[in-house]
Amino acid sequence: MDWLLTIPKTTDWRTYAMELADVEDWSGIMNYRVGVVPKMLCCGDRMWVVYNGEVRGWQVITSVRRWPEGFPCRTTGTHWSPGIYIQRSGPFHLVP
């Protein structure tokens, strides 16, 4: 199944692209916070990324995780609050 996430316009795409590059070799993960886990979500599904009104590409969903204490982003240092996160990793497949 395919899923869609929208990155806020306030996010700098260059910084986001650095995060994508950081997990390209499967050595790290990207997290996207959700209020609830979608019932049909499965590992291996595609997560499509929309930025500034355009579909930019997709990445494979690897898991869903609850972070009770939150976590720091290893690329930007931003601390993310506790919650449920959809996790992605591997190459980001750009839309031409």
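Here, the structure is the one placed above.
Conventions we followed
- Residues numbered from 1 in each chain as written.
- Predicted model: local features only at pLDDT ≥ 70, side-chain atom pairs only at ≥ 80, totals over all residues.
- Heavy atoms only, no water.
- Helix = DSSP H or I, 4+ residues; strand = E, 2+ residues; numbered from the N terminus.
- Rg over C-alpha atoms; globule rule 2.2 N^0.38 Å.
- Buried < 20%, exposed > 50% of the residue type's maximum accessible area, 1.4 Å probe, protein only.
- Areas by Shrake-Rupley, 256 points an atom, 1.4 Å probe, with all protein chains shown as cover.
- Lys, Arg positive; Asp, Glu negative; His and termini not counted.
- Charge placed at Lys NZ, Arg CZ, Asp CG, Glu CD.
- Pairing = 2+ DSSP bridges.
- Axes fitted to C-alpha atoms, helices over the stretch in contact; angles between N-to-C directions.
- Contact = heavy atoms within 4.5 Å.
- Phe/Tyr/Trp six-rings, centres within 6.5 Å; stacked < 30°, edge-to-face > 60°.
- Lys NZ or Arg CZ within 6 Å of the ring centre and 35° of its normal.

Peer 1: How should I be thinking about the overall build of the chain in this particular structure?
Peer 2: Along the backbone of the chain there are one helix and seven strands. Each helix and strand of the chain, ordered N terminal to C terminal, gives the series β-α-β-β-β-β-β-β. In summary, the chain has a C-alpha radius of gyration of 13 Å against a globular reference of 12 Å for 96 residues, a match within 12%. When the backbone C-alpha atoms are referred to their principal axes, the chain occupies close to 40 × 30 × 25 Å. Evaluated residue by residue, the chain yields a buried proportion of 35% over its 96 residues. Carbon and sulfur atoms make up 58% of the accessible area of the chain, which totals about 6000 Å². Counting 10 positive and 9 negative side-chain charges, the chain places the averaged centre of each group 7 Å from the other.

Peer 1: Quick question: what am I supposed to make of the pairing of strand E4 (residues 54-67) here?
Peer 2: Look at any regular strand and the pattern is simple: side chains alternate between the two faces of the sheet. Bridge count between strand E3 (residues 46-51) and E4: six bridges; the pairing is antiparallel. Bridged to methionine 47 within E4 is glutamine 59. Where E3 hands over to E4, the hairpin turn is made up of two residues, of which asparagine 52 adopts a positive phi near 55 degrees.

Peer 1: Looking at this structure, how should I read the sheet that holds strand E7 (residues 83-94)?
Peer 2: Adjacent strands of a sheet pair through backbone hydrogen bonds, lying either parallel or antiparallel. Overall, mixed pairing links the five strands, which are arranged E1-E3-E4-E7-E2 in an open sheet. Of all strands in the sheet, those bounded by a partner on one side alone are strand E1 (2-7) and strand E2 (30-34). With direction set aside, neighbouring strand axes in the sheet form an average angle of 40 degrees. Across the sheet, helix H1 (residues 13-22) lies against E1, E2, E3, E4 and E7, angled at about 85 degrees from E7, the strand it touches most.

Peer 1: Explain the environment of tyrosine 16 here, please?
Peer 2: Its place among the elements puts tyrosine 16 in helix H1. It is 9.3 Å that separates the C-alpha atoms of tyrosine 16 and threonine 76, two residues lying 60 residues apart in sequence. Contacts of tyrosine 16, omitting those with residues within four sequence positions, involve Leu5, Ile7, Thr11, Met30, Val49 and Arg88.

Peer 1: Explain the packing of aromatic side chains to me, please; I cannot follow it from the model alone.
Peer 2: The way to describe two aromatic rings as a pair is by their centre distance and the angle between their planes. Considering all chains together, one arrives at six aromatic pairs under this definition. Between tryptophan 48 and tryptophan 58 the ring centres are 6.3 Å apart and the planes differ by 50 degrees, which places this aromatic pair in the tilted class. Separated by ten residues along the polypeptide, tryptophan 48 in strand E3 and tryptophan 58 in strand E4 bring together distant segments of the chain. Note on tryptophan 67 and phenylalanine 71: the rings are 4.7 Å apart at their centroids and 40 degrees apart in plane angle, and the pair reads as tilted. Note on accessibility: tryptophan 67 and phenylalanine 71 belong to one class, buried. Directly above the aromatic system of tryptophan 67 lies the positively charged group of arginine 65, at a separation of 3.5 Å from the ring centroid.

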